[in-house]
Amino acid sequence: MIYLDHNATTRPLPKVISAMNACMQDCWGNPSSKHPLGQEARRELAAARAEVGLLLRAQPVEIIFTSGATESNHHVLHGALHRPEMPRRIILSAIEHAGYMKSALRLRQEGVTVDLLPVDSAGRVRLDALREMLQQDAALISVMAANNETGVLQPVREIAAMARERGIPMHVDATQMLGKLPLSFAEWGADLMSVSAHKLHGPKGIGALVVRKGLTWSSLLSGQQERARRGGTENLAGIVGFAAAARHARETLETEAARQTALREALEAGLIEQVPGVTIYGAEAERLPNTVCLTVAGMSSDKLLDRLERRGIFASSGAACSSGGSDPSHVLLAMGVAGNVALGAIRLSLGRDTQLADISEVVATLRAVAEANDAAGSNPEA
Ligand code: PLP
């Protein structure tokens, strides 16, 4: 098997699994209990928060553990609309994660103005358009750090500065960037940040919302945990697993990012040279080291993925959560790609296990698939 779906999820590291096992066996107390078992759990929680903070470059007090980035993003929406002094208008990039985007757009039915910030043909948000949009006040500006489908990086720092100037809270969904490239909540100057552990070889169902110290943000889930900012007994084993993954990512990030960038460049060079009809999206922009979004002329994403899968290569079309759907990717549409072309897009996302031999095999396979498709002409059974 060649697994090229790391933007959907990653294999938990053995050290993550053993840290979680140890936690569940030996440290199963409730961190809110006053007795020694509870206090031990509380110490584990504090140590894990500090470790995750090192990777996020955020203060431990700024980190609220959640069930993942989807929940974190929903806390952001909730908080933005529960600040009576702020207008009921939010600005979101047109390429945000599908689930988040859907919830934000649904707010229109409740009378909230939701303005979508356009991107250019390379998939970068247009700062000129944001400047225009900022003529009017808003309760939130939300732009992801790196797109999950194309890997294109966004100018987070510039956007945070523009938001700060206007006194508007800025949120960044850094889910795809965390563990792939160094990032710094402190240096970006954002107010809120969402992340998730399972994209960096941690467990599923655990993530964080980072809230800048000093900013009050209304809680979606009432309760006294997480300093009353997210109710519900903490998923301590998940949090400990997140911390183990964060530590591993911090220690290996730079070498791994360089290694994957070289692999991605080899993959793209091979595709362009050898696969007839291939187009790579976002190639003109700075991107994550591991992500390639492509189409092969005349082939649907379903057919491409099926042909790859038959040869043991696992990938997905755009966002994994919308795989299997028949709608073209909203990200590619926002980049100006025609709907019928966007329907053919697949995403190859490399990871820590990907080797150069895998890249050669993927290129050779895609070449064979594209040539067979060309030879079959319009025969849909080919
Ligand atoms: N945001 C982005 C950019 C993502 O890529 C994903 C996952 O695909 C999410 C949010 C959702 O993360 P989670 O699975 O932790 O809810």
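What counts, and at which threshold
- Every chain begins its residue count from 1, and numbering advances along the sequence as written.
- Whole-chain, interface and lining totals are the exception, using all residues; otherwise, since this is a predicted model, local features are given only for residues with pLDDT of at least 70 and side-chain atom pairs are given and counted only at 80 or more.
- Runs of E in the DSSP output that reach at least two residues are strands. Runs of H or I that reach at least four are helices, and both are numbered from the N terminus.
- The exposure scheme places C-beta atoms from the backbone and then counts, for each residue, the other C-beta atoms within 10 Å of its own, assigning buried at 20 or more, exposed at 12 or fewer, and partly exposed in between.
- An automatic or database domain assignment is the source of the domain bounds shown.
- Contact definition: two residues whose C-beta atoms, as placed from backbone geometry, lie within 7 Å.
- Two strands form a pair only when DSSP identifies at least two bridges running between them.
- To get an axis, a line is fitted to the C-alpha atoms, and for a helix only the part in contact is used. The angle between two axes follows their N-to-C directions and goes from 0 to 180 degrees.
- Contact assignment follows one rule, namely that a residue is near a molecule or strand if its backbone-placed C-beta atom lies within 6 Å of it.
- Residues are sorted three ways: Asp, Glu, Lys and Arg are charged, Ala, Val, Leu, Ile, Met, Phe, Trp, Tyr, Cys and Pro are nonpolar, and all the rest, Gly among them, are polar.
- Crossing handedness is read from the near helix: turned anticlockwise from the far helix by less than a right angle, it gives a left-handed crossing, and turned clockwise, a right-handed one.
- Think of the arc as the fan of directions from the helix axis to the C-beta atoms.
- In this scheme, a helix's expected span is set at 1.5 Å multiplied by one less than its residue total.
- In these notes, a nonpolar core means any group of buried Ala, Val, Leu, Ile, Met, Phe, Trp, Tyr and Cys residues linked to one another through C-beta atoms within 7 Å.

Enquirer: What's the story with the overall build of the protein chain in this structure? I'm lost.
Expert: Each helix and strand in the protein chain was counted, giving 13 helices and 12 strands. By principal-axis analysis of the C-alpha atoms, the protein chain measures approximately 70 × 55 × 35 Å. Here the protein chain, with 382 residues, has 48% of them falling under the buried criterion.

Enquirer: Explain the domain arrangement of the protein chain here, please?
Expert: How large an interface is tends to be reported as the accessible area lost when its parts come together. By domain assignment, the protein chain separates into domain 1 (2-7 + 253-376) and domain 2 (14-248). The C-alpha-based centres of domain 1 and domain 2 are spaced at 28 Å. With 26 residues of domain 1 at the contact, the number on the domain 2 side is 26 residues. At the level of elements, α9 (236-274), β10 (291-296) and α11 (330-334) are the ones that each hand at least two residues to the side of domain 1 that touches domain 2. For the side of domain 1 that touches domain 2, the leading source of residues is α11, giving three residues.

Enquirer: Quick question: what am I supposed to make of the sheet that holds strand β3 (residues 89-93) here?
Expert: Strand pairs in the sheet, formed through backbone hydrogen bonds, run parallel or antiparallel to each other. Read from one edge to the other, the open sheet built from seven strands follows the order β2-β8-β7-β6-β5-β3-β4, with strand pairing classed as mixed. The open sheet has two free edges, formed respectively by β2 (63-66) and β4 (113-117), since each of these has just one partner strand. Strand-to-strand twist across the sheet, computed as the mean angle between neighbouring axes with direction ignored, equals 20 degrees. Lying over the sheet, helix α2 (residues 36-56) contacts β2, β7 (192-196) and β8 (207-211), oriented at roughly 105 degrees with respect to β2. Contacting β5 (140-142) and β6 (170-173), helix α6 (residues 156-166) crosses the sheet at an angle of about 160 degrees to β6.

Enquirer: So what exactly am I meant to see when it comes to the sheet that holds strand β9 (residues 278-281) here?
Expert: On the basis of which strands lie adjacent, the open sheet formed by three strands has the order β9-β10-β12 and antiparallel pairing. Either end of the sheet is taken by a strand with one partner, and the two such strands are β9 and β12 (346-349). Ignoring which end each strand starts from, the neighbouring axes of this sheet average 35 degrees apart.

Enquirer: Help me understand the environment of W188 in this model?
Expert: Considering the arrangement of structural elements, one finds W188 in helix α7 (residues 185-188). On a C-alpha basis, the gap between W188 and V156 in space is 6.7 Å, while along the polypeptide they are 32 residues apart.

Enquirer: Whenever I open this one, the site of the ligand confuses me. Can you help?
Expert: Around the ligand, a shell composed of G68, A69, T70, H97, M144, N148, D173, T175, Q176, S196 and G207 is seen. When its residues are assigned to classes, the shell around the ligand shows two nonpolar, eight polar and one charged.

Enquirer: I would appreciate a short explanation of the packing of α2 against α9 in the present structure.
Expert: Axes are the key here: two packed helices are described by the angle between their axes and the distance separating the axes. Running from amino to carboxyl end, α2 crosses α9 at an angle of 35 degrees, the nearest separation of the two axes being 8 Å. Every pair of crossing elements has a handedness; the one defined by α2 and α9 is left-handed. Along its contact with α2, which presents A41, E44, L45, A48, E51, V52, L54 and L55, the element α9 presents L236, I239, V240, F242, A243, A246, R247, A249 and R250. The residue inventory of the contact of α2 with α9, partitioned by class, reads 13 nonpolar, no polar and four charged.

Enquirer: Any chance you could explain helix α4 (residues 98-106) here in plain terms?
Expert: Each α-helix winds once per 3.6 residues, and so residues spaced three or four apart point in a common direction. Turning to α4, its buried residues number three or more, namely A98, Y100, M101 and A104. Considered in projection along α4, the buried side chains sweep an arc of 160 degrees and stay on one side of the axis. Projecting away from the buried face of α4 at angles above 90 degrees are the exposed residues K102 and R106. Buried residues along α4 sit against α3 (69-80), β3, β4, β6 and α11.

Enquirer: I keep staring at α2 and nothing clicks. Help me out?
Expert: Under the 1.5 Å per step criterion, the end-to-end length of α2 is 30 Å for 21 residues, consistent within 8% with the ideal 30 Å. Along α2, the residues classified as buried are A41, E44, L45, A48, R49, V52, G53, L55 and L56. The inward-facing, buried residues of α2 abut α1 (14-26), β2, α7, β7, β8 and α9. Once α2 finishes, R57 follows within two positions and takes phi at roughly 55 degrees, a positive value.

Enquirer: For this particular structure, what's the right way to read unusual backbone geometry?
Expert: Comment: phi is negative for the bulk of residues other than glycine, and the bulk of peptide bonds are trans. For R57, which is not a glycine, the phi torsion comes out positive at approximately 55 degrees. For R57, a count of 15 C-beta atoms within 10 Å translates into the label partly exposed.

Enquirer: Would you mind going over the nonpolar core with me for this structure?
Expert: One recurring pattern in soluble globular proteins: nonpolar side chains tend to sit buried together. Grouped together as the largest cluster of nonpolar side chains are 111 residues, with contacts concentrated most on V172, V210 and V240. In terms of residue count, α9 provides more of this core than any other element does, 12 residues in total. Two domains each donate at least three residues to this core, and these are domain 1 (2-7 + 253-376) and domain 2 (14-248). Every residue in contact with V172, bar those within four places of it in the chain, is listed here: V143, M144, A145, V156, W188, A190 and M193.

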